[in-house]
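Architecture and fold: a report
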Amino acid sequence: MRWCGEFVDIVGEVPAVDASSWAGSRFADRYFTFWETTDGTPVSMAAATSMVADMVRVDPVYTPAHLRGRGYAGAVTVEVSRAALAAGATDVVLYADPVNLTSNALYQCIGYVPVTEWAVCDFSCSVPELSY
């Protein structure tokens, strides 16, 4: 759960609920895979959603900052993607930050193809009180 909280902080996502509540988080429905060193120390993680309409989404992929640049994220992403395909998924998708050139190059190297870019907008609307 701590790594999920760190991921949310890094990507600038505003958590919908208290990150200390696993059941209330957006990560509760994911299946997590942890990449470990030979001594069993976890060094990276990737999660996948349940398959819906033959599609699985990989989210999040996270490696703590002090462990980056060693191929851990690539290895765990490949493993999660292969497992989804082996389970029958015809589409495996993930969202990547377009300004993170390192992760985008990695994802393309392992077979992901950019499809589209998107943005989230929050339109607030206030309605003035009417007086009669």
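Here is what the cut-offs are and how they apply
Residues numbered from 1 in each chain as written. Predicted model: local features only at pLDDT ≥ 70, side-chain atom pairs only at ≥ 80, totals over all residues. Heavy atoms only, no water. Patch = residues over 30% accessible without salt bridge, like charges linked within 9 Å, V, L, I, M, F, W, Y side chains within 5 Å. Areas by Shrake-Rupley, 256 points an atom, 1.4 Å probe, with all protein chains shown as cover. Salt bridge = Lys/Arg side-chain N within 4 Å of Asp/Glu carboxyl O. Helix = DSSP H or I, 4+ residues; strand = E, 2+ residues; numbered from the N terminus. Buried < 20%, exposed > 50% of the residue type's maximum accessible area, 1.4 Å probe, protein only. Pairing = 2+ DSSP bridges. Arc of directions from axis to C-beta. Contact = heavy atoms within 4.5 Å. Phe/Tyr/Trp six-rings, centres within 6.5 Å; stacked < 30°, edge-to-face > 60°.

What follows concerns a nonpolar patch on the surface. A surface patch of nonpolar side chains, about 410 Å² in accessible area, is lined by Tyr95, Trp118 and Val120. As for its position among the elements, Tyr95 is in the loop between strand S4 (91-94) and helix H3 (101-109). By relative accessible area, which is 53% here, Tyr95 ends up exposed.

When you tally the buried positions in strand S3 (residues 55-62), you get six out of eight residues, the bulk of the element. Here strand S2 (residues 42-48) runs beside S3; their pairing, made up of three bridges, is antiparallel. The residue bridging Ala46 from the neighbouring strand is Val61, located in S3. Adjacent in sequence and paired antiparallel, S2 and S3 are bridged by six residues, among which Ala53 carries a positive phi angle near 55 degrees. The pairing of S3 with S4 spans four bridges and is parallel.

The subject of this paragraph is H3. Regarding H3, the residues found buried are Ser103, Asn104 and Tyr107. Taken around the axis of H3, the buried residues stretch over an arc of 100 degrees, which confines them to a single face. Across H3 from its buried face, at more than 90 degrees, point the exposed residues Leu101, Thr102 and Cys109. As for H3, its buried residues are in contact with S3, helix H2 (72-86) and S4. Positioned one or two residues after H3, Gly111 has a phi angle of 115 degrees, which is positive.

This brings us to the packing of aromatic side chains. Centre distance and the angle of the planes are the two values used to describe a pair of aromatic rings. Counted according to the given criterion, the structure contains four aromatic pairs. Ring geometry for Trp3 against Phe34: centres 6.0 Å apart, planes inclined by 45 degrees, an arrangement best described as tilted. Placement of the pair is Trp3 in helix H1 (residues 2-11) and Phe34 in strand S1 (residues 31-36), with a sequence separation of 31 residues. Among the residues examined, Phe34 registers a relative accessible area of 43% and is labelled partly exposed. Aromatic side chains Phe32 and Phe34 sit 6.4 Å apart centroid to centroid with 25 degrees between the ring planes, which places their arrangement in the stacked category. Judged by its relative accessible area of 23%, Phe32 is partly exposed.

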